[in-house]
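# Understanding the architecture of this molecule
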Amino acid sequence: MEKSLPLHLCHVSKLTLFINRTHTLLHSIAISFLLYYRASFFFQNAISATPKLLILLPWLFISSSELVLSFIWLLGQAYRWRVVTRSVFPERLPGDEKLPSLDVFIFTVDPETEPTLAVMNTVLSVMAMDYPTEKPHVYLSDDGCSSLTLNGLRETWAFAKFWIPFCRSYKIASGCPEAYFSGVEDHVDSDLIGSDEFKTQREKIKAKKKTSNHTRDHPAIVEVMMQDSSSDAVNDKIPLLVYVSREKRPSHPNQYKAGALNVLLRVSGVLSNSPYFLVLDCDMYCNDPTAARKAMCFHLDPEISHSLAFVQFPQRFRNISKHDIYDSRIRSAFSVQWQGMDGQRGPCLSGTGYFMKRLSLCGNRLSNEDADPMKLRQAYGPSNELVASLCSENDKPHVMKNGGDTTSILEEMKLLASCTYEIGTKWGEEASSVGYLYGSVAENYFTGFTLHSKGWISVYCDPPRPQFLGCATTTLNDCLTQSTRWCSGFFDVGISKYCRFIYRPWRVSILHKMCYAELALPLSFFPLWGFATIPQLCLINGIPIYPKVLSTFFVVVSFLFLSAISKHLYERIGLREARFMTTNKVEDDKKEYLYQQGIFDFRTSTMFLGPMVSVIILNAVSFLVGIARAIFIGDLNKMFVQVFISFYILVINYPVIEGMIIRKDNVIKNLKATNVVLKKHGEEAGVDVLACA
Ligand SMILES: O=c1ccn([C@@H]2O[C@H](COP(=O)(O)OP(=O)(O)O[C@H]3O[C@H](CO)[C@@H](O)[C@H](O)[C@H]3O)[C@@H](O)[C@H]2O)c(=O)[nH]1
Ligand SMILES: [Mn+2]
């Protein structure tokens, strides 16, 4: 009886479905009216007199902006079409002995920006997961090849022998020591911290830290930490822990995280070969020991298991402030888009916090007739051990435990982690089924996308307690660096032959295609620039480009504005709470203070600040000109929408204006400097513009 109960349920809220679809319908009717209004202008002008270029050009620009925005909006509706949520029942899983073994991959690259202590906390948190003692195997990939990280891992191994039995015995809610002990800092003796002894100790540690290798030219290093088989009580056993630093040579491209992922796929293949693996960024500790069991509720469900590639958990962050001024929690992705995609073939691969089926990346095509060792070697490389692991039954105990030859296995793993191993093989090759794909800095998006194209599905699991907690980017500079990397990564894929609409178009539904296309095509810059400059320049020059107040089309424009804003607020507030430049995870007290207080930190490059400041100056000028026109010429009726747009842009950018004019702190230095430079350059141009008006 118990067995027939489902392991998970999928809910579709009828109310949300109704609201979303009605909104889509009404909004698209209004858009059609607006497009009709624009088209009729060109039509009338074409048959009447020849329109002046000065009027035609802005109309053309604003019409194309509206067209592009409508297209983006239309793509975005795919997320709203069928939003699903899921619940899981880990207590209904089969007994511990029937659970599959699980490899865990953790990645770190630089001990300077990714503090070793935080990485070790992540390692311990997964080692302490509530999963049968011998089944998880934890691998740490260190792309920085730092002795600090390796020594840290050795220490962690020693500490784990005490920590993990403690967590198991007392059912500690989070296996991350830092999270568990936080609060203890309050009791730290401040006299001790001020003492000379403390200072000398700190300097010693600092000096030790500097001895880290951190090089881009080194051989592979692999170290396996495991208990001897004679170990005592079950509760005292701890998972296998492996340190891997792949070989790096300046002459060989390292393929960033995708390269590191493929090395761990191979190394773990010969050592533990678990049928599933969990991928975590170094800052994402496991916040709920039952996370793996929750994922198994999907992977072990016979109904979907054969086609399920991965279970994605949302990225949640431990350092989000009340105001969250930079939207560091990435609400649209994890609260709207992924749920919407889950109603189709499944969410995107988010890079961290997911449980992947090994078969989907290694050996998808391995039907019996294909399992020719020669062919396998061509695809997977020369390692016999690896080919054997591909052919063997999954879930086998790892080789070393069975008394295998330790040295030869270590040598094999070093071969698998060498930078020449992939030459001539199919690793990372586009459209092969071998490993993570190269060619985009957003390896997660690219790989997830091709998995979906090959017919695999994914599910999104978002339980109330965050399963994994990471460190969000909390400075403007980091947020901009991160989104630039993502956009260029997505765009690389979007404009390649892997464009969602042309790559294997028959494999996925039109709605799922639309979701992927919406992410891959960063077109919003075009309407954004259009709306931030065209109505304003026209206002300054006295050219009306929107309907008069209280005309029929004015109602259409107002409806579109209110409909867009209210839907946005409903989703964000009402509903629920090209080089891989890694983000900084060091908590800087001053920056952290600003973020927590909701104070914008403008210490970023003028490349980002320049456009922002110019737009604000333009909108301020056009708003003032608009008001002056209303008073002296009395044409507010014709110009109302344009005056309103300028005003609205100024209101939503208030923090920048505050930084430019009111604030005196040094955090806004760059902004002030940009402002001064722009003013100087703008003065002459500004005179010209005003002269035209
Ligand atoms: O050459 C590299 C570069 C990065 N990393 C690791 O990749 C992870 C993600 O890097 P981070 O700087 O934190 O980037 P984020 O923007 O936070 O990462 C998101 O976006 C990436 C794709 O751009 C995905 O790979 C990540 O999983 C996803 O969390 C970190 O653990 C790094 O240590 C490596 O192992 N090797
Ligand atoms: Mn990160």
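Cut-offs used in this document
Residues numbered from 1 in each chain as written. Chains lettered and ligands numbered in written order. Predicted model: local features only at pLDDT ≥ 70, side-chain atom pairs only at ≥ 80, totals over all residues. Heavy atoms only, no water. Salt bridge = Lys/Arg side-chain N within 4 Å of Asp/Glu carboxyl O. Helix = DSSP H or I, 4+ residues; strand = E, 2+ residues; numbered from the N terminus. Buried < 20%, exposed > 50% of the residue type's maximum accessible area, 1.4 Å probe, protein only. Patch = residues over 30% accessible without salt bridge, like charges linked within 9 Å, V, L, I, M, F, W, Y side chains within 5 Å. Areas by Shrake-Rupley, 256 points an atom, 1.4 Å probe, with all protein chains shown as cover. UniProt positions renumbered as here; feature names shortened; annotations may be inferred. Near = heavy atom within 4 Å. Polar contact = N/O pair within 3.5 Å; in protein donor to acceptor, adjacent residues only side chain to side chain. Domains from an automatic or database assignment. Pairing = 2+ DSSP bridges. Axes fitted to C-alpha atoms, helices over the stretch in contact; angles between N-to-C directions. Parallel < 35°, antiparallel > 145°, perpendicular 65-115°, else oblique. Left-handed = near helix turned anticlockwise from the far one by under 90°. Contact = heavy atoms within 4.5 Å. Nonpolar A, V, L, I, M, F, W, Y, C, P; charged D, E, K, R; others polar. pLDDT = per-residue confidence, 0-100. Arc of directions from axis to C-beta.

In this section: the pattern of salt bridges. Taken as a whole, this structure holds 17 salt bridges when the rule is applied. Across the pair D143 and R246 runs a salt bridge whose closest N-O atoms are separated by 2.8 Å. Of the two residues, D143 is situated in the loop between β4 (136–142) and α4 (147–170) and R246 in the loop between β6 (240–245) and α8 (256–271); the sequence distance between them amounts to 103 residues. R246 matches D143 in its accessibility class, with the two residues each being buried. Among the salt bridges present, the one from R629 reaches D635, with a minimum N-O distance of 2.9 Å. Residue D635 is classed as buried on the basis of its relative accessible area of 9%.

Time to look at a nonpolar patch on the surface. Taken together, the side chains of F561, L562, L636, F640, F644, F647, V651 and I652 present a nonpolar region at the surface, about 680 Å² in accessible area. Looking at the nonpolar patch, the elements that each hand over two or more residues are α19 (552–574) and α22 (636–652). The leading source of residues in the nonpolar patch is α22, at 6 residues. Structurally, the position occupied by L636 is in helix α22. The class of L636 is partly exposed, set by a relative accessible area of 36%.

Per the UniProt entry, the sites bearing "binding site: Mn(2+)" (unreviewed entry) are K257 and D281 in this numbering. The largest pairwise C-alpha distance within this set of annotated residues, which runs over 25 residues, is 9.9 Å, so the set is compact in three dimensions. Mapped onto the secondary structure, K257 falls in helix α8. Residue K257 is classed as buried on the basis of its relative accessible area, which comes to 13%. Tracing the backbone through its elements, the reader meets D281 in strand β7 (residues 276–281).

What follows covers the UniProt feature "transmembrane region" (unreviewed entry) in the protein. The UniProt entry lists residues 24–43, 55–76, 519–543, 549–570, 608–633 and 639–657 under the feature "transmembrane region" (unreviewed entry), expressed in the numbering used here. In residues 549–570, helix accounts for 86% and strand for 0%; the two terminal C-alpha atoms are 27 Å from one another. Secondary structure content for residues 608–633 is 96% helix and 0% strand, while the C-alpha to C-alpha distance between its ends is 37 Å.

What follows is about the site of ligand 1. By nearness alone, 23 residues border ligand 1, and K257, D281, R485, T583 and K585 come closest of all. Here C282 contributes a backbone N or O atom positioned 3.2 Å from an oxygen atom of ligand 1. For ligand 1, whose accessible area on its own is 680 Å², the fraction buried by protein is 97%. Broken down by secondary-structure element, the contributors of at least two residues to the shell around ligand 1 are β3 (102–108), α8, α15 (443–453) and α16 (476–494). No other element matches the 3 residues that α16 contributes to the shell around ligand 1. Both domain 1 (100–182 + 195–475) and domain 2 (524–690) contribute no fewer than three residues apiece to the shell around ligand 1.

Strand order in the open sheet formed by 3 strands is β8-β13-β10, and the pairing between neighbours is mixed. Two strands close off the open sheet at either side, each with one partner strand: β8 (285–286) and β10 (316–317). In the sheet, β8 pairs with strand β13 (residues 468–470) via 2 bridges, with the strands oriented antiparallel. Across the sheet, C286 pairs through a bridge with F468, a residue of β13.

Moving on, we come to the environment of Q227. Inspection of the secondary structure puts Q227 in the loop between β5 (221–225) and β6. With 91 residues separating them in the primary sequence, Q227 and P136 have C-alpha atoms 14 Å apart.

Attention now moves to the packing of α15 against helix α17 (residues 510–520). Running from N to C, α15 and α17 cross one another at 165 degrees; their axes reach a closest spacing of 12 Å. Here α17 runs roughly antiparallel to α15, going by the angle between their axes. Of the two possible hands of crossing, α15 and α17 adopt the one that is left-handed. For the pair α15 and α17, contact is made by Y445, G448, F449 and H452 and by H512, Y516, L519 and A520, respectively. Among the residues making up the contact of α15 with α17, the classes are represented as 5 nonpolar, 3 polar and no charged.

Averaged over every residue, the pLDDT of the protein is 84; residues scoring 70 or more account for 82%. Taken together, the stretch residues 208–212 has pLDDT below 50 and engages in 5 contacts with residues farther than four places along the chain or on a different chain. In this model residues 685–693 is a low-confidence stretch, pLDDT under 50, and it forms 7 contacts with partners more than four residues away in sequence or in other chains. For this predicted complex, the interface score ipTM comes out at 0.97, while the overall pTM is 0.87.

Let us look at helix α23 (residues 654–662). The set of residues buried in α23 consists of V656, I657, G659 and M660. Across the axial projection of α23, the buried residues extend over an arc of 160 degrees, all falling on one side.

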